[in-house]
Amino acid sequence: MAGSNKTNITPPRWLLAELTYACPLQCPYCANPVDYANYQAELDTEDWKRVLTQARKMGAVQLGFSGGEPLTRKDLPELVKHARDLGYYSNLITSGYGLTEEKIVQLKEAGLDHIQVSIQASTQELNDHIAGTTSFEHKKEVAHLVKKHGYPMVLCVVIHRENIHQMPEILAMAEELGADYLELANTQYYGWAHTNRDLLLPTKEQFEQAEQIAQAFKEKVAGKMKIYYVVPDFYEDRPKACMNGWGTTFLTIAPDGVALPCHSARELPGLDCPNVKDYSIDQIWNESKAFNFFRGYEWMKEPCSSCDEKEKDFGGCRCQAYLLTGDMYAADPVCSKSPNHHVIEEAIDSARAGALSDNEKPLIFRNSKNSRLLS
Amino acid sequence: MSINPDQAIKFSPLHRLQWEEAQQKDVILYPEGMVELNQSSAEILKMCDGARKLDQIIADLEQKFATTGLTNDITAFLEVALKNGWIQQN
Ligand code: SF4
Ligand code: SF4
């Protein structure tokens, strides 16, 4: 298989199994590729079992079942059972849509460790608008059932300009539902969120206010609820240490079997991401061109290559560099040392202008029709 | 938060403690995270079975490792564990 062998490769710890791109919801910030409708093929049960077995053998221990909506896969309980037998800690990342009490019990018996339910907002009206589907009451019901059956309950709310003003109510809702963990995920601008960025990116004032409220709440609930606050990197001056370093920790498998070093990597040109139907996880992780592409520091350009912070942030996110500068080797433009940092400022200004004008264009919802139109 | 000596200590049902062959270590697993344990921390947590109280845990570990004077180290670690939600009392 093409690609160079590098020494000091650490084994994968996290496996993200994107079981399907099918989803009854239409979130306009969805991290799935904008052209997902072009990838209809899905791995079958035996393929997934083989992938789980091989990755576990290498040392992967945290496993996320996601999508799309993973509940649309009929073989989910069977895969969960297989994962449990192998000793994975498995996480179901779901919109809650279609989750019944019977299913919650069945998955528990199969060995599922936790369920992360996403809620779009603190009110029915806004939740259902953003999800593009009536789902609010059912999601709250699911959150109760998840707790009732002894799972740690993780609530995930993606934050953007349409719901950021609800931060106090979102926190109160999490408390009322008895969440053990609350993930406040500021939107990351890839996939559909990139397409809708002018409508989703909050202003700096909104960010700062919301962050203050979230921090104060974090102190208040310390010991009872853990808060994961995913920072909004557009307002930082250093990029995030993307994926903890390329090919060091995370392995994503897309619904069609393509193995990705990060879930947006199929948007990068020339990586030739390998498919689990053709290669073993061991070959993919250690030998493939894609997984070795941005390993280490040799690929870097200035200002990263001589920067004393490169071991901290690895030059930031490759997908963001590519999406915003057209050059996947460039420093992540979030970095204030990047010669392209102005593109971030322009994005912020453009979103602010949209926020202030009264005839904003509508959100583009994530569905197959829009996917075909955009790809 | 501190350990109540009169109550039994149990490992949290919302976490999982397990041996990882690939890492040759015991780890605690929880939603979206993992803590790697050194051997002594792992031995202490394995004693938290919901039946033993603090003094019993200390006595059993001192016996197991044929030593004395572990009270302070064990208590300090269990307080950290309680604060992190890895163990419970009630
Ligand atoms: S973000 Fe929304 S639309 Fe995308 S997969 Fe998740 S629930 Fe479905
Ligand atoms: S120049 Fe590159 S390595 Fe240095 S801080 Fe910025 S992104 Fe990170």
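Keep in mind that this is a model prediction, so the values were computed, not measured.

1. Details of the overall build of chain B
Turning to step 1, where the next piece is worked out: Broken down by element type, chain B carries 3 helices and 5 strands.
Turning to step 2, where the next piece is worked out: Going from the N terminus to the C terminus, chain B shows its helices and strands as β-β-β-β-α-α-α-β.
Turning to step 3, where the next piece is worked out: Its C-alpha atoms give chain B a radius of gyration of 13 Å, within 12% of the compact-globule value 12 Å for 90 residues.
Turning to step 4, where the next piece is worked out: In terms of overall dimensions, chain B has a C-alpha envelope of 35 × 30 × 20 Å along the principal axes.
Turning to step 5, where the next piece is worked out: The buried share among the 90 residues of chain B stands at 43%.
Turning to step 6, where the next piece is worked out: Within chain B, contacts between residues separated by at least 24 positions form 52% of all contacts whose residues are at least 6 apart in sequence.
Turning to step 7, where the next piece is worked out: Of the accessible surface of chain B, which amounts to about 4,800 Å², a share of 47% is contributed by carbon and sulfur atoms.

2. Concerning unusual backbone geometry
Turning to step 1, where the next piece is worked out: Each neighbour pair has its own omega, and for G67 of chain A with G68 of chain A the value is 10°, a cis peptide bond.
Turning to step 2, where the next piece is worked out: Position of G68 of chain A among the secondary structure elements: in the loop between β2 (62-66) and α2 (76-86).
Turning to step 3, where the next piece is worked out: Looking along the chain, the bond that leaves E302 of chain A and enters P303 of chain A is cis, with omega of 5°.
Turning to step 4, where the next piece is worked out: One can find P303 of chain A in the loop between α11 (289-292) and α12 (310-313).
Turning to step 5, where the next piece is worked out: Positive phi values are uncommon outside glycine, yet N244 of chain A reaches one of about 60°.
Turning to step 6, where the next piece is worked out: Considering the arrangement of structural elements, one finds N244 of chain A in the loop between β7 (226-230) and β8 (250-253).
Turning to step 7, where the next piece is worked out: Positive phi, normally seen in glycine, also occurs at A66 of chain B, with a value near 45°.

3. So, the site of ligand 1
Turning to step 1, where the next piece is worked out: The environment of ligand 1 is made up of C23, L25, Q26, C27, C30, N32, G68, S95 and R366 of chain A.
Turning to step 2, where the next piece is worked out: Its residues assigned to classes, the shell around ligand 1 comprises 4 nonpolar, 4 polar and 1 charged.

4. Describing the sheet that holds strand β4 (residues 33-37) of chain B
Residue and element names in this part refer to chain B.
Turning to step 1, where the next piece is worked out: Pairing within the open sheet is antiparallel, and its 3 strands lie in the order β2-β3-β4. For this open sheet the edge positions go to β2 (16-20) and β4, each flanked by a neighbour on one side alone. Put simply, the sheet's adjacent strands are angled 30° from each other on average, direction ignored.
Turning to step 2, where the next piece is worked out: Inspection of the sheet shows β2 paired to strand β3 (residues 25-30) by 5 bridges, in the antiparallel sense. When the sheet's bridge partners are listed, L17 is paired in β3 with I28.

5. Side note on the pairing of β3 of chain B
All names here are of chain B.
Turning to step 1, where the next piece is worked out: The buried fraction of β3 amounts to 5 of the 6 residues, a majority that puts the element mostly inside the structure.
Turning to step 2, where the next piece is worked out: Here β2 folds back onto β3 in antiparallel fashion, the turn holding 4 residues, of which Q24 has a positive phi close to 55°.
Turning to step 3, where the next piece is worked out: One ladder, built from 5 bridges, connects β3 with β4; its direction is antiparallel. Note on β4: the bridge partner recorded for L29 is M34.
Turning to step 4, where the next piece is worked out: A loop of 2 residues connects β3 with β4, the two strands running antiparallel in sequence, and E32 in this loop sits at a positive phi of about 65°.

6. Remarks on the interface of chain B and chain A
Turning to step 1, where the next piece is worked out: Across the boundary between the two partners, chain B contributes 14 residues, which contact 24 residues of chain A.
Turning to step 2, where the next piece is worked out: Summed over both partners, the interface of chain B with chain A buries about 1,500 Å², with 52% contributed by carbon and sulfur atoms.
Turning to step 3, where the next piece is worked out: The largest per-residue losses of area from chain B upon contact with chain A belong to R16, P31 and E32 of chain B, which jointly make up 43% of the total buried on that side.
Turning to step 4, where the next piece is worked out: Put simply, chain B and chain A have 2 salt bridges between them.
Turning to step 5, where the next piece is worked out: With a closest N to O distance of 2.6 Å, R16 of chain B and D113 of chain A form a salt bridge.
Turning to step 6, where the next piece is worked out: On the surface where chain B and chain A come into contact, there are 8 residue pairs in polar contact (both at pLDDT 80 or more).
Turning to step 7, where the next piece is worked out: Elements that contribute at least two residues to the side of chain B that touches chain A include exactly β2, β3 and β4 of chain B.

Rules used in this analysis
Residues numbered from 1 in each chain as written. Chains lettered and ligands numbered in written order. Predicted model: local features only at pLDDT ≥ 70, side-chain atom pairs only at ≥ 80, totals over all residues. Heavy atoms only, no water. Helix = DSSP H or I, 4+ residues; strand = E, 2+ residues; numbered from the N terminus. Rg over C-alpha atoms; globule rule 2.2 N^0.38 Å. Buried < 20%, exposed > 50% of the residue type's maximum accessible area, 1.4 Å probe, protein only. Contact = heavy atoms within 4.5 Å. Areas by Shrake-Rupley, 256 points an atom, 1.4 Å probe, with all protein chains shown as cover. Near = heavy atom within 4 Å. Nonpolar A, V, L, I, M, F, W, Y, C, P; charged D, E, K, R; others polar. Pairing = 2+ DSSP bridges. Axes fitted to C-alpha atoms, helices over the stretch in contact; angles between N-to-C directions. Buried area = accessible area lost by both parts, 1.4 Å probe. Salt bridge = Lys/Arg side-chain N within 4 Å of Asp/Glu carboxyl O. Polar contact = N/O pair within 3.5 Å; in protein donor to acceptor, adjacent residues only side chain to side chain.

Treat this as a map of the structure, not an account of what it does.
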